Structures are given as C-alpha cells and as structure tokens.
Amino acid sequence: GNQFVYSTTKGLYLRSVDELGARLIAGTEENPQSPFFSPDGQWIGYWSQADRKLKKIAIRGGAPVTLCDVTWVFGAIWYSDNTIVFSDVLKGIMRISANGGNPETLVKGPAIHPQLLPDGRSLIFTDPSRSPFRIVVQSLESGKRKELFAGVFAHYLPTGHLVYELQNDSNLYAVQFDLRSIEVKGGPVPVVEGVGRMYAYSNSGTLVYLPVTTGPTASGRTLIWMDRKGHEEPLAAPPNLYRYPNISPDGTRIALTVVTGGKTDIWVWDLVRKTLTRL
C-alpha cells in the first residue's frame, strides 16, 4: 500500500503515496494496460496493447520481458508462488509462471477480473455472459461453479469481505463473505461513491481510485482532433460521455462508444456532415 502504478499514453508511471511526483518507468511502451505488482513490489506486470503480449518490467525500468501472447487482459494478479492469474477475453482465465511459458487454462469461456481465494482451490470472477453480470466462484478441483449475486469486479479482502460494483453503478459496495461455505453473509454496504472502473486496493487497506465526474459535466467530454505536431482542434460534436473513438479508414467518420443513462451504444460522428448518428 505504499506505492501505486498507473497507465498513460507515454507508458507506466510509478508513484509513492508519500510523494507528490510520479516517475515514468523507462522501457514501457506507449499505452500499456492493466498494470499489476509482483508480491515483493519490485516488478510490474502489464498487457502491451501494441503487440498483444503479457509482459513484466522492473520498477527501476529497463527492458520488458515478454511472458506470453494474450488477446486482451481484463484483470491480472501476481501471486507469492510466482504465478500470474489473468483473464484473456477470448480464452477465459489463465495461469502462467511469472518467468513465462505456456499458460494453463483454469476457466474456459467468458470470465473477467479473476482472483484466487485464500484456499488456493477456488477462483472468484465476473461472468459477463449475460446481463446483469454475475459474481461466481468456481472450484479448480471439481469445476463446480456457484453463482453469488449480480455484480462486477468482486475482490476478496483479508477482512473477510467482498468489495464489488454493480454493472451500471459507480459506487463500491462491501459484503461479508464466508470462505468455508462460499456464501455471502448479510446485505451489502456502500463503501465509496463515484469510483467508476479505475481503482485498486492493497491488503493493508489502502484504496486508490480515479473519481467519476459528477454533476453537469458528467457527460461533458468533447472530441478533439490533434495533428502530429500536437495542435488541437475541437470537433463540433456535442459534449457526451464518449469512449473508445475509432477513425474510419478514409478519415471521414469516427465510431464511438457513448454511455447514456447507463446504456451503452455505438454512435458514428460524420466529420463532413457534422452529424452524430446511433448505430
């Protein structure tokens, strides 16, 4: 809980909680995703979007080490036995040695944000195969699966609680969880409001998060066109909760994810006609 790492378009940045500044980890490429610490805090694992590989790099910087090919990582944890458990969105939940090699499949099919429970024999994760998403626990020995409740990104903490989100909510909730019976005890309690999807917690109890914008500016993101020299030009598209812009090959249209009232749709902005149309 003494330091945290985060992704930027320039690479991974490392910051100590008791310092004001952060430093770039030399050697990380542009736009690395899903960073996570080694148990001793000396290495950081991450997914390279540039070449779709799971990698690790020392916190002091240097040359990154490739561990394996991954389509897209959606949650990863490095354990004290020097293995990494991660979610590959197309293959399921995988486990690999932190030294690299061939990943072992733990759960097939749609499964994201995995975590081994303290017994080492059970895995908790989010099942996104139906809406609302579900939090489930699966035995690694028998393969038996138990559905707990509707929610996303559940994480077990040493206090005996599961901390999680609801699918269309920006708040963190906690509920007591019995490891022996694999059952939830009592009802959920709100922990922090306005957290969104960007957060992490340590075993020491430290939570770090990127707050969700609230109020009139919650959906006030604007689209900006930037040339290779860094000059910015705002587009005429109305402010909205835009995500994941993608430019068409001929450069005349932009496909975007837009979230409105908790509903996610794909829209297309026509740069010539200056119109926004829902696809």
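Cut-offs used in this document
Position labels on residues start from 1 in each chain and follow its written sequence. With pLDDT at 70 or above as the cut-off, local features in this predicted model cover only qualifying residues; side-chain atom pairs require 80 or more to be listed or tallied, and sums for whole chains, interfaces and linings still use all residues. Calculation of side-chain values draws on the structure's entire complement of heavy atoms; hydrogens and water are dropped beforehand. Accessible area is worked out with a 1.4 Å probe on protein chains only. A residue is then buried under 20% of its type maximum, exposed over 50%, and partly exposed in between. Numbering of helices and strands runs from the N terminus, with a helix taken as a DSSP run of H or I at least four residues long and a strand as a DSSP run of E at least two residues long. Pairing between strands is defined by DSSP: at least two bridges between the two strands are required. Centres within 6.5 Å are what make two rings of Phe, Tyr or Trp a pair, Trp counting through its six-membered ring; a difference in plane orientation under 30 degrees is then read as stacked, over 60 as edge-to-face, and the rest as tilted. Each ring is checked for a lysine NZ or an arginine CZ that lies within 6 Å of its centre and within 35 degrees of its normal; such an atom marks a charge sitting over the ring. Here a patch means residues that are over 30% exposed by relative accessible area and free of salt bridges, tied together within 9 Å if like-charged and within 5 Å if nonpolar (Val, Leu, Ile, Met, Phe, Trp, Tyr). Where accessible areas are quoted, they stem from the Shrake-Rupley method and a 1.4 Å probe; at the residue level, only the protein chains shown are allowed to cover. The salt bridge definition used is simple: a Lys or Arg side-chain nitrogen within 4 Å of an Asp or Glu carboxyl oxygen.

(A) Here's a closer look at the pairing of strand E18 (residues 172-178). Burial analysis of E18 places five of its seven residues in the buried class, the great majority of the element. As defined by bridge partners, strand E17 (residues 161-165) adjoins E18 across four bridges and the pair is classed as antiparallel. Looking across to E18, one finds that Leu162 is bridged to Val175. Adjacent in sequence and paired antiparallel, E17 and E18 are bridged by six residues. Strand direction decides the pairing type here: E18 and strand E19 (residues 183-192), joined by six bridges, are antiparallel. Paired with Gln176 across the bridge in E19 is Lys185. Hairpin connection of E18 to E19: four residues between the antiparallel strands, including Ile182 at a positive phi of 55°.

(B) Representation of the packing of aromatic side chains in the model. Evaluation of the coordinates by the stated rule reveals nine aromatic pairs. Where Trp47 meets Trp72, the ring centres are 4.6 Å apart and the plane angle is 40°; that geometry is what we call tilted. Highlighted residues: Trp47 in strand E5 (residues 43-48) and Trp72 in the loop between strand E7 (65-69) and strand E8 (73-78), separated in sequence by 25 residues. The positively charged end of Lys56 is found above the aromatic ring belonging to Trp43, 4.8 Å away from the centroid.

(C) The arrangement of a nonpolar patch on the surface in detail. Together, Trp72, Phe74, Val89 and Leu90 line one region of the surface with nonpolar side chains, adding up to about 370 Å² of accessible area. For Phe74, the location among the structural elements is in strand E8.

(D) Structural view of the sheet that holds strand E3 (residues 23-24). Taken in spatial order, the three strands make up an open sheet running E1-E2-E3, and their pairing is antiparallel. A strand with exactly one partner marks an edge of an open sheet, and here the two such strands are strand E1 (3-8) and E3.

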